[in-house]
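Below, each chain spelled out in residue letters.
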Amino acid sequence: MSTIASRDTVGVSIRGASKFYGSFRALDTINLDVAPGEFVSILGPSGSGKTTLLGILGGFVQPTSGSILLGERDITFEPPHTRDIGIVFQNYALFPHMNVAENVTFPLRARRMPKSEWPGRLASALDMVELGGFGERKIHELSGGQRQRVALARAMIFEPRLILMDEPLSALDKQLRESMQIELKHLHRKLAATMIYVTHDQREALTMSDRVAVMNKGQLVQVDTPERLHDHPADSFVAGFIGEATLLPVRRVDDRSVELDGMRLISARPVQGDTDLLLAVHSEKLTIVDAAPGMTNVLCGVVTETLYQGESIRIFLELDRGARLSLRVPSNHQGRSQLKAPGERIAVAIHPDDTIVVPHVR
Ligand SMILES: Nc1ncnc2c1ncn2[C@@H]1O[C@H](COP(=O)(O)OP(=O)(O)OP(=O)(O)O)[C@@H](O)[C@H]1O
Ligand SMILES: [Mg+2]
């Protein structure tokens, strides 16, 4: 990787970008500033507009309104090949009639880089994605995961200052995906390039990113650090999309507490809004306690099911007035010793810091 040196990196700004397909609004007034060298993920369900947003950055989709700045430069109307942006497409987009080496060096050819530089760059790009020695292979002789890695090598070989990736790891199996996630993070550090990474996998977004931009129906709902998104979701869409949360209707008591199932829950943060509020309970944030009279932030209910899931055990609980939620205990000795059989009563505590109340969006 030593031949791919870092250099001045640039940020990117999306200013009020909208995209209509006929009367359908695929993107609605997107504003996003990505700092030089930052790793930002675009996270959202299928059809939320992630690929369209990436297309606008890459120059493959013309925004209906708004503008795109790469550093100081307005690139809204520039064609893709002059933008100095490396792209890994959702569907690889490799050239089937070329071998691996020809695919990976394609951007060098397109940019007329001196031929003497090609072998060194090719070798380090292929090493980077663990495909050293695969240069002569035909594309149809590769697995899906290997094709994806060829696409990664091709996007990075010319040291772009901005790299866009559209679900680059979705075709890989879990183990390879997780090792590639770490690999990509290392690459990001090494290349010092700005990265915008599309995924619909919230875990992947949280693992890899400096910040995550959550999209829903063509709109950016919240742009924040992984910790903030997880612990301070802006609304019920984000709360339901990030982590493993149960959303339960609650009644506001005052600006620091709500009522659920007849119990008062104190929140460490102000309760925003008056009506249509949901409590987002993350399953890892509940702890089984011995209930005592006068305790606050404790819910009581009956175990309906326990599921052994390897590293943890998920327990489903029905509260006295019918609300259902789940919690996780580690599958170690201590966790197992807390397990109760279905039908037995337990009490669970939720810390005020973890009492997250969000407005219900539909
Ligand atoms: N060329 C097009 N013409 C008409 N509608 C389009 C076009 N491209 C995308 N759309 C629509 O715009 C919306 C956003 O599509 P987009 O591909 O950006 O979603 P996505 O978030 O990338 O989804 P996925 O996770 O499934 O890849 C979808 O409803 C899609 O049907
Ligand atoms: Mg897409």
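Because the structure is a prediction, the values reported are computed rather than measured.

## Overview of the overall build of the protein
In terms of regular secondary structure, the protein is built from nine helices and 20 strands. The principal-axis extents of the C-alpha atoms in the protein amount to approximately 80 × 45 × 35 Å. Within the protein, contacts between residues separated by at least 24 positions form 65% of all contacts whose residues are at least 6 apart in sequence. On the protein, roughly 16,800 Å² of surface is accessible, and the fraction owed to carbon and sulfur atoms is 51%. Averaging the locations of the 41 positively and 43 negatively charged side chains of the protein gives two centres separated by 4 Å.

## Regarding the packing of helix α2 (residues 100–110) against helix α3 (residues 118–128)
How two helices sit against one another is set out by the angle between their axes and by the gap between those axes. Their axes nearest at 10 Å, the elements α2 and α3 cross at an angle of 120°. Relative to α3, the element α2 is oriented oblique. Here α2 and α3 pass one another in a crossing that is right-handed. On the side of α2, the interface is formed by Val100, Ala101, Val104, Thr105, Leu108 and Arg109, while α3 contributes Trp118, Arg121, Leu122, Ala125 and Leu126. Here the residues of the contact of α2 with α3 are counted per class, giving eight nonpolar, one polar and two charged.

## What about the domain arrangement of the protein?
Each assigned domain of the protein is listed with its residue range as follows: domain 1 (12–229) and domain 2 (245–359). Of note, the centres of domain 1 and domain 2, computed from C-alpha atoms alone, are 39 Å apart.

## Considering the layout of surface pockets
Estimated volume of the largest pocket: approximately 420 Å³. Lining the largest pocket we find 17 residues, and of these Phe60, Ile85, Phe106, Pro107 and Arg111 sit closest to its centre. When grouped by side-chain class, the residues that make up the lining of the largest pocket number 12 nonpolar, three polar and two charged. When its residues are assigned to classes, the lining of the second largest pocket shows one nonpolar, five polar and five charged. A domain split of the lining of the second largest pocket shows at least three residues from each of domain 1 (12–229) and domain 2 (245–359).

What counts, and where the lines are drawn
Residues numbered from 1 in each chain as written. Chains lettered and ligands numbered in written order. Predicted model: local features only at pLDDT ≥ 70, side-chain atom pairs only at ≥ 80, totals over all residues. Heavy atoms only, no water. Helix = DSSP H or I, 4+ residues; strand = E, 2+ residues; numbered from the N terminus. Contact = heavy atoms within 4.5 Å. Areas by Shrake-Rupley, 256 points an atom, 1.4 Å probe, with all protein chains shown as cover. Lys, Arg positive; Asp, Glu negative; His and termini not counted. Charge placed at Lys NZ, Arg CZ, Asp CG, Glu CD. Axes fitted to C-alpha atoms, helices over the stretch in contact; angles between N-to-C directions. Parallel < 35°, antiparallel > 145°, perpendicular 65-115°, else oblique. Left-handed = near helix turned anticlockwise from the far one by under 90°. Nonpolar A, V, L, I, M, F, W, Y, C, P; charged D, E, K, R; others polar. Domains from an automatic or database assignment. 1 Å grid on protein atoms, 1.4 Å probe; cavity = no way out; pocket = protein on both sides within 12 Å on 5 of 7 lines; lining within 4 Å. Points joined across faces, edges and corners; volume = space filled by probe spheres on them.

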